[in-house]
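Structural overview
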Amino acid sequence: MLSKRIIPCLDVRNGRVVKGTKFTDIRDVDDPVVLAEFYALAGADELVFYDITASSDERNIFLDIVRKTADTIDIPFTIGGGIRSLDDFDRLMKAGADKVSINSAAVSDPQLIKEAALRYGSQCVVLSMDVKKNVEGRWDVYVKGGRENTGMDAIEWAKQGVALGAGEIVLNCIDTDGVKDGYSLDITREISESVRVPVIASGGAGTMEHFYDVLTIGKADAALSASVFHFKEIEIKELKKFLRSKGVEVRT
Amino acid sequence: MIVIVDYGVGNIRNVERAFTKMGMEVIVTRDIELIDQATVIILPGVGAFRDAIQNLRKYDLVDCLKRNAVKGTWIVGICLGMQLLYDKSYEDGDYEGLGLLRGEIVKFDDSELKVPHMGWNQLVKQQEDEIGKDLSENDYVYFVHSYYLVNEDIDSVIFTSSYGVDVPAIIRKNNIIGMQFHPVKSGAVGSIILRNLKELIV
């Protein structure tokens, strides 16, 4: 059976992992390549790196990290953050990324999804969506790091993105992100049932039960988190043992 | 000499790196004279079938690969590279493959399943073979594909994986080996398979 995936996320700024880590036992805790290797050996099924830098100098540092990561780990990884064009895709794929995720650029230029899917195949194109519930109880799509409401309906945008060629969706719920109160189960489930591609839930993990809930009730195919892993609140091996004991298929 | 065929698509760098890490020296090329001297030809691949077969034709590699397959040179197809070994694919049309092996590449039924078949899935052993040495039924490997092989030559299937249908995961017919998943992205299990491959071919 296809297993559910557990995905640590590394935010990288100026060549270092940010959002904090608590790895006193590995030599250079904030080096993204070192941390990536640690997670790969610890049983992570995949990794996501977000480039949260802005300047072009830092972009080149980041590209070098992608290359080194590809040289080091033997599990798939996705790169996101600031991807605007097919050239960006090209650079990252050539550097060794397995998938590239696009967010704001996909909203402003949906054809980018299509062009990237035609060139690299849908499996390399990840549509990342930041969503937030509005007063009517529907979910809006936000861009620019969650600062700007596009007014687009999340479910419709997910469907459109998949129709254009996105092979996977990362669904990040702004309200729950960083709160550690659990993933947003209802919208995750709705999107997962609305599209025929895998959905990765993001934002809100605090306990092992949260992972269980989003992979079962939320029908997510994978669950992503940063801080619970970086701060060692949850060990991936323990999490997988827990999920397996509850009947969730995970990779041993 | 191990040659990775560079025909302008896919994750050649990742494959090259993985083989090098396993202590196998590889040459990445599309030079026919070099490929003709190889003892092992690796056909990697990520992307669309149509582009891939068109590129193989463009670089005049189709006859070269056929002739080497007959000669007994090891041919190892990975992911799309495995699909290219067969007669035909229905990916976005109707395209003839290399025809080294009998079978067709068809799309998963996406009314029931999420497509692509993406993620870690378990290997199910169909028969003993050196390529599958030390692999157990519980081992997971990493798949990413929307089309799968409908094989006419059942005897060549070494491992399958279950995704709505039985997906041929590792095939072998004499000197021809195919893997539908990505061994170089399959963690420790992938390393076992590459080691087995090394013992077979070197």
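Since we're looking at a predicted model, the values are computed, not measured.

Conventions used here
Starting afresh in each chain, residues are numbered from 1 along the sequence in its written order. Here every chain gets a letter starting at A, and every ligand a number starting at 1, in the order they are written. pLDDT decides what is reported in this predicted model: residues at 70 or higher carry local features, side-chain atom pairs at 80 or more are listed and counted, and totals for whole chains, interfaces and linings draw on all residues regardless. Excluded from the side-chain calculation are hydrogens and water; included are all heavy atoms of the structure. Remark: exposure states derive from per-residue accessible area (1.4 Å probe, protein chains only) relative to the maximum for the residue type, with buried under 20%, exposed over 50%, and partly exposed in between. Per the convention used, a helix needs a DSSP run of H or I reaching at least four residues, while a strand needs a run of E reaching at least two, with both numbered from the N terminus. Summarising the geometry, the arc corresponds to the directions from the helix axis toward the C-beta atoms. By definition, residues are in contact when any of their heavy atoms lie within 4.5 Å. Note: buried area is the sum, over both parts, of the accessible area (probe 1.4 Å) each one loses when the two are combined. The working definition used for a salt bridge is a side-chain nitrogen of Lys or Arg within 4 Å of a carboxyl oxygen of Asp or Glu. Note: pLDDT gives the predictor's confidence per residue, expressed from 0 to 100. Strand pairing requires that DSSP identify at least two bridges connecting the strands. The pocket and cavity definitions rest on a 1 Å grid over protein atoms only: a 1.4 Å probe that fits but cannot leave marks a cavity, an open set with protein on both sides within 12 Å along at least five of seven lines marks a pocket, and residues lining either have an atom within 4 Å of a point. Grid points are joined across faces, edges and corners, and a volume is the space filled by probe spheres set on the points. Any residue outside Ala, Val, Leu, Ile, Met, Phe, Trp, Tyr, Cys, Pro, Asp, Glu, Lys and Arg is labelled polar, Gly included; the first ten of those are nonpolar and the last four are charged.

All names here are of chain A. Listed as buried for helix α8 (residues 208-216) are His210, Phe211, Val214 and Leu215. Buried residues of α8, seen end-on, are gathered within an arc of 125° and therefore sit on one face of the element. Packed against the buried residues of α8 are β1 (5-13), α7 (185-194), β10 (199-202), β11 (222-225), α9 (227-230) and α10 (236-245).

Attention now moves to the interface of chain B and chain A. Tallying the contact residues gives 32 residues for chain B and 36 residues for chain A. A combined buried area of about 2,500 Å² lies between chain B and chain A, and 48% of that area is made up of carbon and sulfur atoms. Of all residues in chain B, the largest losses of buried area upon contact with chain A belong to Lys114, Met118 and Trp120 of chain B, amounting jointly to 30% of the total for that side. Viewed at the interface, chain A and chain B are joined by four salt bridges.

All names here are of chain B. On average, residues of chain B carry a pLDDT of 94, and 99% of them reach 70 or more. Within chain B, no element has a lower average pLDDT than helix α1 (residues 12-21), which sits at 89, and none a higher one than strand β14 (residues 176-179), at 98. In the model output, the complex is listed with pTM 0.94 alongside ipTM 0.91.

In this model, valine 115 of chain B is joined to proline 116 of chain B through a cis peptide bond whose omega is 10°. Within the secondary structure layout, proline 116 of chain B lies in the loop between β7 (103-107) and β8 (117-122). Phi at asparagine 14 of chain A takes a positive value of approximately 50°, unusual for a residue other than glycine. Topologically, asparagine 14 of chain A is positioned in the loop between β1 and β2 (16-18). Look at asparagine 14 of chain A and you get partly exposed, because its relative accessible area is 42%.

A few words now on the sheet that holds strand β11 (residues 147-151) of chain B. Residue and element names in this part refer to chain B. Sheet architecture is open: four strands sit in the order β6-β5-β7-β11, paired in mixed fashion. Two strands close off the open sheet at either side, each with one partner strand: β6 (95-96) and β11. The pairing of strand β5 (residues 88-89) with β6 spans two bridges and is classified as antiparallel. If you follow serine 89 over to β6, its bridge partner there is tyrosine 95.

Residue and element names in this part refer to chain A. In this structure, the second largest pocket encloses a volume near 890 Å³. Surrounding the second largest pocket, 37 residues form its lining, Tyr50, Ile52, Asp130, Gly145 and Asn172 being those nearest its centre. Breaking the lining of the second largest pocket down by element, the ones donating at least two residues are β1, β3 (47-51), β5 (99-102), α4 (104-108), β6 (125-133), β9 (168-173) and β11. Broken down by class, the residue content of the lining of the second largest pocket amounts to 11 nonpolar, 16 polar and 10 charged.

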